[in-house]
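Observations on the three-dimensional arrangement
Listed below, chain by chain, are the residues.
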Amino acid sequence: MFPDDLSYTSDHEWVRDPGGADSTVRIGITDYAQGALGDIVYVSLPEVGVDVEAGAACGELESTKSVSDLFSPIKGTVVARNDALDERPELVNSDPYGDGWMIEVRPADRTELDGLLDADAYQAQVEQS
């Protein structure tokens, strides 16, 4: 439920960092978040080339229950977006850590990644809520 190879935010986003000084990171929402939202029916993502700010809304997810913001965990530039979600937003529900990813970002400052939660800290946060 909380893959160890990911980092997390308190806003229920995950970050997959393959490592390397020049690598991009992949961002999505957690299984916990998709479960709380319910069936995702629409996803709005930023376009490639857009700069995102850490903690700022950069997209939206519309579910049968509500509309929620997608927050960027780090500052950087969007280098890819998951266009498959335009036609199949339900991928966020069925595979949040795989095919349901949202965006890839080139970090402006890789040290921001150090401030994210590991799987154990995120699990503890979820269990307290």
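Remember, it's a predicted structure, so these values are computed and weren't measured experimentally. (Residues numbered from 1 in each chain as written. Predicted model: local features only at pLDDT ≥ 70, side-chain atom pairs only at ≥ 80, totals over all residues. Heavy atoms only, no water.)

With respect to the overall build of the protein
Counting its regular elements, the protein contains 4 helices and 9 strands. Overall, the protein shows an N-to-C arrangement of helices and strands of β-β-β-α-β-β-β-β-β-α-α-β-α. Taken over C-alpha atoms, the radius of gyration comes to 14 Å for the protein, in line with the 14 Å a tight globule of 129 residues would show. For the protein, the spread of C-alpha atoms along the principal axes amounts to about 40 × 35 × 20 Å. Looking at the 129 residues of the protein, the share that counts as buried comes to 43%. (Helix = DSSP H or I, 4+ residues; strand = E, 2+ residues; numbered from the N terminus. Rg over C-alpha atoms; globule rule 2.2 N^0.38 Å. Buried < 20%, exposed > 50% of the residue type's maximum accessible area, 1.4 Å probe, protein only.)

Here we look at the sheet that holds strand β3 (residues 25-29)
On the basis of which strands lie adjacent, the open sheet formed by 6 strands has the order β1-β2-β3-β9-β8-β5 and antiparallel pairing. The open sheet is flanked by β1 (7-8) and β5 (51-52), the only strands paired with a single partner. (Pairing = 2+ DSSP bridges.)

Focus: the sheet that holds strand β7 (residues 67-71)
Ordered by their spatial adjacency, 3 strands build an open sheet running β4-β6-β7, and the pairing between neighbours is antiparallel. Each of the sheet's edge strands pairs with one partner strand only, and the pair in question is β4 (40-44) and β7. Ignoring strand direction, the axes of neighbouring strands in this sheet form an average angle of 25°. (Axes fitted to C-alpha atoms, helices over the stretch in contact; angles between N-to-C directions.)

Regarding the environment of G59
The topology assignment puts G59 in strand β6 (residues 57-63). A relative accessible area of 10% places G59 in the buried class. For the pair G59 and V126, spaced 67 residues apart in sequence, the C-alpha separation works out to 22 Å. Excluding residues within four positions of it along the chain, G59 makes contact with S44, S68, D69 and L70. (Contact = heavy atoms within 4.5 Å.)

Describing the UniProt feature "domain: Lipoyl-binding" (unreviewed entry) in the protein
What UniProt calls "domain: Lipoyl-binding" (unreviewed entry) maps, in this numbering, to residues 24-106. Note that residues 24-106 is 18% helix and 41% strand, and that its end C-alpha atoms are spaced 5 Å apart. (UniProt positions renumbered as here; feature names shortened; annotations may be inferred.)

Side note on the pairing of β3
In regular strands, side chains alternate between the two faces of the sheet. Summarising burial for β3: 4 of the 5 residues are buried, a large majority. Bridge count for strand β2 (residues 13-16) against β3 is 4 bridges, and the pairing is antiparallel. Counted as the bridge partner of E13 is I29 from β3. Bridge count for β3 against strand β9 (residues 103-107) is 3 bridges, and the pairing is antiparallel. When the sheet's bridge partners are listed, V25 is paired in β9 with V105.

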